[in-house]
Every structure is written in structure tokens, then in C-alpha cells.
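Structural characterization, general
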Amino acid sequence: MVTPGHQEIADVGVSAGQIVQFGGPMTGDEEFDAGGLLVLPGGIDAHVHLVCAALAEATKERGSIWVDDFWSGSLAAFAGGITTVGNMTFPLPGESMAAAVARDMAGAAAEAAVDWFLHPVLTELTERTETEIAALNADGHASIKVFLSDPRLMAATPGLAEAVTAAGRAGSLTLMHCEDAGILERTGQELIESGRGAIRHFPDSRPVGAEVAAIDLVVGLVRQTDAPVYIVHLSSAAALDLCRVARAEGLPVYVETRPLYLHLTKERFAEPDGAKYVGAPPLRSQADRDALWRGLAAGDIDTVCSDHAPWSLAAKLDPTLNVVTARQGVADLETLGPMLFSEGVAAGRITLDKFVELTSGNAARLFGLYPRKGAMTVGADADLVLWDPQQRKTIDGATMRSRSGYSVYDGWTVQGWPRSVIRRGQAVLRDGTDTARRGDGAWIRRPA
Ligand SMILES: [Zn+2]
């Protein structure tokens, strides 16, 4: 068994959904043989986009939305060794964050098999914003999400600093998408006007400079307010440098990256179906990729999360789309862990300890789930992954659980896959076969 900073060979006893015993004589109804396997704490993917039935219905007229709900998302998560997800919960136009949270809570309760928590997305600043954030925190939703790529919420927007401060005071973490909306608007328009609006130019439409500008402002905001901020899907060496400096100052700046930036580079956009790689920020250079791997090993990055935002291949390749309207996001719940293990642990870039921190322990601490999640200790939820470090499989998105139907890693041979997965004591993947039950997932209340 492997937990952050600790490895040993031991029997694990589980009762009533919790870990109750390590080693020594034990009896039980059911036994899993983990010989030759690693026993890891269940993965925590703090950044996913799953769509409950009510949201799918409400957005039907506005066109397409991501294709996984909490059920298909749960199966994808388990197959990748993830037992808890943090979902981005978007209010519809004119709707409050609380109403959006109520909708996702009901939808997830009905559909999810994975355990979940929610990040309400702040889409507008009003005089009620600070009260709403505090009320959500009191209800166990101790985080909010802000998109600085949204022209209504740029880092300099009046009221944003107050909202982030209010979140910090309430004990909530503010998640930030760091790309400056002003820069994006100009670069996107320039490309379209100069006849380079096709998606193969997507990386140029969202330059590293837009990410750096946003993070610079965010770090300044944290320095003034001391409110903690979590930067989602950081993508570039320059952006990581800014965060490293801020952290060295002792500022509460936390960093997530996502698999896309670890495994792929912007040259992919030259492929005929390059639009399938679109995510924001875009794929970057090999130098950025190398810097992120070094950042993982050095502890400058806290988490690797999927940003699972799946579309069908046809929706991604829609020829009417351009650099501005391109559909952002890819399916990655099932591949996040195995790709990080294969390219990270098996390839010698990160240690097994680091893998467990990045995929479970750190997210549990940052999001208020620890020690119930993210650790294997007596009294913790029995979320256990029996991981086969030798198993090799070639990725084929058509056979995976996401309804996306393709993977950006199609054809990659990957070493290290979950064999069986146990969520709160219940087998949800057994020797590679799905055994989860719809609606068995639990919401994890998060204290301030
Ligand atoms: Zn996202």
C-alpha cells in the first residue's frame, strides 16, 4: 500500500465503508488479492465538467453541451482509478449560484456512483455576491470558480477582489481560470480578420502572454488580500515561474495542471483533425511541457486534474468553428491516472509517492476532504485502487466509458492501470469490469 510519504506491505481491513485495520488477523465476507499490485488511495479529480439531466434539458435550445453525465462520468472515473470528483457548477443566465448548486446536487444524487463535491461558478458580481459565497460555504461548498477569460470578470473588474477576499474570509478557496479576456479578445479578432481564423491557428489565439498577464494580476490580488487562490490548468513555463516566486514569498497560491500539457504539444494542431486537441489554454511548446514535468517533481504544482469536458469527435471537428468559437475541452477522466503513471512513474519522471500526492493527497487537503479522503488511515473512507503497475494497454477512446467516443491519446500504449477499485468499501470496478450502481455516490460536505 502507498500513501504520501509511506509504503508498506500490509493487509487492509474494511468495514461499513471505512478502513478499520492494517495487518494482523482479520475476517470478512469478501477478499481482494492484491498480490503484485499497488494499493493506492482513491484518486481525487477536483476539476470535471459533468452534466446532470436537468442542465442538459435546460441548455438544449442553446446548442451542444458536454456529453458525459454523472453516471457515464462515474464509470470513466472508476476505470481510471478516481473515486471522488469536483464538478464545476454553472448558473444559467440570471440564475443564482445556490440554484445551480441545488440542481447539480439533485442530479448527482440520482446519477453519480462516484463521490462528488461542487465548485459553484461565479459568473456575475452583484451586491449579493459576498453573502452568497458565505452562505454556500456554510452549506459545505467551500470553493468558488472564476473565469478571468470572461470579459465580465477580468482581474481588474471592480468587485472581484472583494469577492475573492470574501471567499477567503469565509474559508473558501477561489479557483481561477487564468487567461486575460482583454488579450484573448484582441488576438482572436486579429487572427480572424487576417484570414487565419481556422482552428489550426488556435494556439496563437490564446498566447502564453494572456496566461501570464492574468496570473500576474492574481498574484497581486493574493498579495493584497491574502485570500487563497487555486490556479486551474496552468499550461506554461512562464506562468509556473510566476507562481513559484509567489509561493516562495509564502503567498497561498496553489497550482493545478492537466494531462494535455504534460503529454502533447502545439504541433498537434497541424494534424488534419487537430481541432480534437482544443482546450483553453491551448497546447504549448516542448519547453513548456518539460517545465511542467519538472514542476511536478519539484512540488511547484499541487495537483493534476483532468478538466474532463467531453465532446463527440464530430462536434470538435465541426468545420463551421473558428479559433474563437472552437469547442473547448476533452475527455480525460479514464486516462488521467494511467497516462500520469506511465509517462511519469514508469518513465522515471516522478516517484510513486509524488503520483499519489498529485492525484489524491494534495487535492484532499486543498479542498477540505482530508483525512476522510486522500489518505489510507483507520477511519478514512475505504476508497482503494488496486493498481497493476505492469499492465499495458493501448488507448482506444471508442471502447472507453466516456460518451466522447475518442481520446486525444488514441494509439498510445500505456503502462499501469487500475485492476479493481473500491469506493467506500464497495467494489465499483472488479478485474476491469464495471460493478458500480447508479446513485450510490455520496456528496462530500466540506468544512471551511
Ligand atoms: Zn474546466
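Let me sum up the structure you'll find in this document. (Residues numbered from 1 in each chain as written. Predicted model: local features only at pLDDT ≥ 70, side-chain atom pairs only at ≥ 80, totals over all residues. Heavy atoms only, no water.)

Observations concerning the coordination of the zinc ion
Defined as follows: Only nitrogen, oxygen and sulfur atoms count as donors, using a 2.8 Å cut-off from the metal that widens to 3.2 Å for Na, K and Ca. Water is left out, so coordination shells may look unfilled. Comment: elements are numbered from the N terminus, with helices defined as DSSP H or I runs of at least four residues and strands as E runs of at least two. With a 1.4 Å probe rolled over the protein chains alone, any residue whose accessible area is under 20% of its type maximum counts as buried; one over 50% counts as exposed, and the rest are partly exposed.
Within the first shell, the zinc ion binds the protein through His 47 (NE2), His 49 (NE2) and Asp 307 (OD), at distances of 2.1 to 2.2 Å. We note that the donor set of the zinc ion lies within a single chain, spaced as H-x1-H-x257-D. Linking His 49 in the loop between strand S6 (43–48) and helix H1 (53–58) with Asp 307 in the loop between strand S13 (303–304) and helix H12 (313–316), this pair joins segments that are 258 residues apart in sequence. Here His 49 matches Asp 307 in class, with each residue buried.

Regarding helix H5 (residues 160–170)
Note the cut-off: An arc is given here, and it is the one of the directions from the helix axis to the C-beta atoms. Two residues form a contact once any of their heavy atoms are found within 4.5 Å.
Every buried residue of H5 is accounted for by Leu 160, Ala 163, Val 164, Ala 166 and Ala 167. Burial along H5 is one-sided: seen end-on, the buried residues are contained in an arc of 155°. Against helix H4 (129–138), strand S9 (143–147), strand S10 (173–177), helix H8 (208–225) and strand S11 (229–231) lie the buried residues of H5.

Let's talk about helix H2 (residues 70–79)
An α-helical turn contains 3.6 residues, so any two residues separated by three or four positions project in the same direction. For the record, the criterion: What qualifies as a polar contact is a pair of N or O atoms within 3.5 Å, subject to a donor-acceptor requirement within protein and to the restriction that residues adjacent in sequence count only when both atoms come from side chains.
Among the ten residues in H2, ten count as buried, and that is most of the element. Inspection of H2 places Phe 70, Trp 71, Ser 72, Gly 73, Ser 74, Leu 75, Ala 76, Ala 77, Phe 78 and Ala 79 among the buried residues, and these make up the whole buried set. Looking at the buried residues of H2, the elements they touch are strand S7 (82–89), helix H3 (97–111), strand S15 (413–423), strand S16 (426–430) and strand S17 (433–434). If you check the start of H2, you find a side-chain oxygen 2.9 Å away from the backbone N of Trp 71, and it comes from Asp 69.

Observations concerning unusual backbone geometry
Here the amide bond leading from Ala 280 into Pro 281 is cis, since omega sits at -5°, within 30 degrees of zero. If you trace the backbone, Pro 281 turns up in the loop between helix H10 (259–263) and helix H11 (286–298). Located in the positive-phi region is Arg 424, a residue other than glycine, with phi close to 45°. Of note, Arg 424 is situated in the loop between S15 and S16. Judged by relative accessible area, Arg 424 falls into the partly exposed class, the value being 21%. Positive phi outside glycine occurs at Asp 431, with the angle close to 50°.

Things to note about the layout of surface pockets
Rules: A pocket, in this scheme, is an open set of points on a 1 Å grid over the protein atoms alone with protein on both sides within 12 Å along at least 5 of 7 lines, while a cavity is a set where a 1.4 Å probe fits but cannot get out; residues line either one if an atom lies within 4 Å of a point. Grid points are joined across faces, edges and corners, and a volume is the space filled by probe spheres set on the points. Nonpolar residues are Ala, Val, Leu, Ile, Met, Phe, Trp, Tyr, Cys and Pro. Charged residues are Asp, Glu, Lys and Arg, and all others, Gly as well, are polar.
Of the voids in this model, the second largest pocket is the one considered here, and its volume is about 920 Å³. Listing elements by their share of the lining of the second largest pocket, those giving two or more residues are strand S3 (12–15), strand S4 (18–22), strand S5 (38–41), strand S14 (384–394) and S16. Top element by residues in the lining of the second largest pocket is S3. It accounts for four residues. Looking at the lining of the second largest pocket, its residues break down into 17 nonpolar, nine polar and six charged.

A few points about the sheet that holds S6
Here is the rule: Two strands make a pair as long as DSSP finds a minimum of two bridges between them. With axes taken as lines fitted to C-alpha atoms, and helix axes fitted only over the stretch in contact, angles between N-to-C directions fall between 0 and 180 degrees.
Pairing is parallel in the open sheet, where three strands are placed in the order S6-S7-S8. Edge strands, defined here as strands with exactly one partner in the open sheet, are S6 and strand S8 (115–120). Strand-to-strand twist of the sheet, defined as the mean angle between neighbouring strand axes without regard to direction, takes the value 20°. Of the pairings in the sheet, the one linking S7 to S8 comprises six bridges and is parallel in character.

A look at the packing of aromatic side chains
As a reminder of what qualifies: Aromatic pairing here means that ring centres of Phe, Tyr or Trp (its six-membered ring) are within 6.5 Å. Orientation follows from the plane angle: under 30 degrees is stacked, over 60 is edge-to-face, and everything else is tilted. A ring is considered to have a charge above it if a Lys NZ or an Arg CZ atom is located within 6 Å of its centre and within 35 degrees of its normal.
For the structure on display, the rule yields eleven aromatic pairs. Seen in terms of ring centroids, Phe 117 and Phe 367 are 5.7 Å apart; in terms of plane orientation they differ by 35°. Their pairing is tilted. Taken together, the residues span a long stretch of sequence, with Phe 117 in strand S8 and Phe 367 in the loop between helix H14 (352–366) and S14 at a distance of 250 residues. Taking 5.0 Å as the distance between ring centres and 75° as the angle between the ring planes, the aromatic pair formed by Tyr 230 and Phe 367 counts as edge-to-face. Note that Tyr 230 is positioned in strand S11 and Phe 367 in the loop between H14 and S14, a separation of 137 residues in sequence. Across this residue pair, the class does not change: Tyr 230 and Phe 367 are buried. By the ring-pair criterion, three or more aromatic residues cluster together here, those being Trp 66, Phe 90, Phe 147 and Trp 311. The residue whose ring lies beneath Arg 327 is Trp 311, and the NZ or CZ to ring-centre distance is 5.6 Å. Across the ring face of Trp 417, the terminal group of Lys 393 is positioned such that the distance to the ring centre comes to 4.2 Å.

Here we look at the pairing of S6
The element S6 is largely enclosed, with a buried count of six among its six residues. Pairing of S6 with S7 involves four bridges; the strand directions are parallel. Each residue of the ladder has a partner; that of Gly 43, found in S7, is Ile 82.

Side note on the pairing of S5
The alternating pattern of S5 places Leu 38 and Leu 40 and Val 39 and Pro 41 on opposite faces, both of which are buried. Direction of pairing for S5 relative to S14: antiparallel, over a ladder of four bridges. Bridging from a neighbouring strand, Pro 41 pairs with Leu 384 of S14.

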